[in-house]
Amino acid sequence: MALGGSAVALLAATTLAALPAQAHDDKNDGRDNDKNVTLTATLTQLNGSGASGTAKAVVGNKMIKRIEVHANGLTPDAPHAQHIHFGQQALHECPTLALDSNNDGRLNTVEGIPAYGPVVVSLNTTGDTTPASLLAVARFPVADDGSYDYKRKNIKFTDVAGIGKAKDIAQAVREGKGVVVIHGLDYNHNGTYDFDSAGASELNPDLPAEATDPAACGVLERK
Ligand SMILES: [Cu+2]
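Before going into details, it helps to say that this report is about the structure given with it. Source: prediction; values computed, not measured.

Regarding the overall build of the protein
Helix and strand counts for the protein stand at 4 helices and 11 strands. Expressed as a percentage of the 223 residues in the protein, the buried residues total 45%. When the accessible surface of the protein is summed, it comes to about 11,000 Å², and 53% of that surface belongs to carbon and sulfur atoms.

Now the structure itself:
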């Protein structure tokens, strides 16, 4: 069915009328890559960790201008690796046990990748923030009493092999496709990361799986 002339005119008028509103609403304009976009995440537990929290990030151009992560219910006195994950092929969401491909009842970090993608930024306290630092455990926040308040400014996105250019990763995060993941939990509640309950990490056989399995997750969404 062809549209009549008046229908076309009406569509055009509607489209034009919608433009000024969109121009003012930079929160919904994915092309505004020079502007700061504020993203927030509600972090919920994975693997029965009992952890939860919030994250807030301001992203402009190829830079995280500032980011905060507030988490609680984590393993006390233990470091917690935390990252922004993203993958072009990922679902941009937090995983469920449906991804537990070896049916061991745990969701390890690799099993969650179809949901949240690989690491694109390491949210550590000092030094290099690229994926190269993803398990540099000494530079991640420690949850003294099971909680921490993490803040860092001016983290540059970098090109990540197999994932994309810095500007494309930044753009994807601005579009709400980045996922904050906090790792590390104490399955057997003995107060430390050890190999007893879950064996070695699939990421590094020198680390217990307890140190690297995901404990909390949330998608960084535009406000
Ligand atoms: Cu991670």
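Some details on the pattern of salt bridges
Two side chains carrying opposite charge are able to pair once their charged atoms lie near each other. With the rule as written, the count across this model stands at 5 salt bridges. Notably, a salt bridge pairs Asp 159 with Lys 165, separated by 3.8 Å at the nearest N-O pair. For Lys 167, the salt bridge identified is with Asp 168, shortest N-O distance 3.3 Å. Owing to a relative accessible area of 34%, Asp 168 belongs among the partly exposed residues under this scheme.

Some thoughts on the pairing of strand 1 (residues 37-45)
In this structure, strand 1 lies alongside strand 2 (residues 52-60), joined through 7 bridges in antiparallel fashion. Residue Thr 38 lies in a different strand from strand 2, and its bridge partner there is Val 58. Hairpin connection of strand 1 to strand 2: 6 residues between the antiparallel strands, including Asn 47 at a positive phi of 60°. The pairing of strand 1 with strand 11 (residues 221-222) spans 2 bridges and is classified as antiparallel. Within strand 11, the residue paired with Thr 40 across the bridge is Glu 221. Both strand 1 and strand 10 (residues 214-219) contribute to a ladder of 2 bridges, which runs antiparallel. Bridging across to strand 10, Thr 44 finds its partner in Cys 217.

Let's talk about a nonpolar patch on the surface
A cluster of nonpolar side chains, namely Val 110, Ile 113 and Leu 203, defines an oily patch on the protein surface of about 200 Å² accessible area. On the secondary structure map, Ile 113 appears in helix 2 (residues 113-116).

A closer look at the state of the cysteines
Considering all chains together, one arrives at 1 disulfide under this definition. At a sulfur-sulfur separation of 2.0 Å, the disulfide partner of Cys 94 is Cys 217. Handedness here is read from the sign of the S-S torsion; for Cys 94 and Cys 217, about -95°, the answer is left-handed. Within this pair, whereas Cys 94 is found in the loop between strand 5 (82-85) and helix 2, its partner Cys 217 is found in strand 10, the two being separated by 123 residues in sequence.

Quick word on the nonpolar core
Membership of the largest hydrophobic core comes to 36 residues, with the highest contact counts inside it found for Ile 64, Ile 84, Phe 157 and Leu 220. Put simply, the parts of the chain that give this core at least two residues each are strand 1, strand 2, strand 3 (63-72), strand 6 (119-122), strand 8 (148-156), helix 3 (166-174), strand 9 (179-183) and strand 10. Not counting residues within four places of it along the chain, the set of residues in contact with Ile 64 comprises Ala 57, Val 58, Val 59, Ile 84, Val 121, Lys 153, Asn 154, Ile 155 and Phe 157. If you look at the next biggest cluster of nonpolar residues, it comprises 6 residues, including Leu 46, Tyr 116, Val 179 and Val 219.

Considerations on unusual backbone geometry
Of note in the backbone geometry, His 92 takes a positive phi value of approximately 60° without being a glycine. The topology assignment puts His 92 in the loop between strand 5 and helix 2. Positive phi values are uncommon outside glycine, yet His 189 reaches one of about 50°. With respect to the helices, strands and loops of the structure, His 189 is situated in the loop between strand 9 and helix 4 (209-212). Residue classification places His 189 among the exposed positions, given a relative accessible area of 69%.

About the cut-offs
- Residues numbered from 1 in each chain as written.
- Predicted model: local features only at pLDDT ≥ 70, side-chain atom pairs only at ≥ 80, totals over all residues.
- Heavy atoms only, no water.
- Helix = DSSP H or I, 4+ residues; strand = E, 2+ residues; numbered from the N terminus.
- Buried < 20%, exposed > 50% of the residue type's maximum accessible area, 1.4 Å probe, protein only.
- Areas by Shrake-Rupley, 256 points an atom, 1.4 Å probe, with all protein chains shown as cover.
- Salt bridge = Lys/Arg side-chain N within 4 Å of Asp/Glu carboxyl O.
- Pairing = 2+ DSSP bridges.
- Patch = residues over 30% accessible without salt bridge, like charges linked within 9 Å, V, L, I, M, F, W, Y side chains within 5 Å.
- Disulfide = S-S within 2.5 Å.
- Core = buried A, V, L, I, M, F, W, Y, C linked by side-chain atoms within 4.5 Å.
- Contact = heavy atoms within 4.5 Å.

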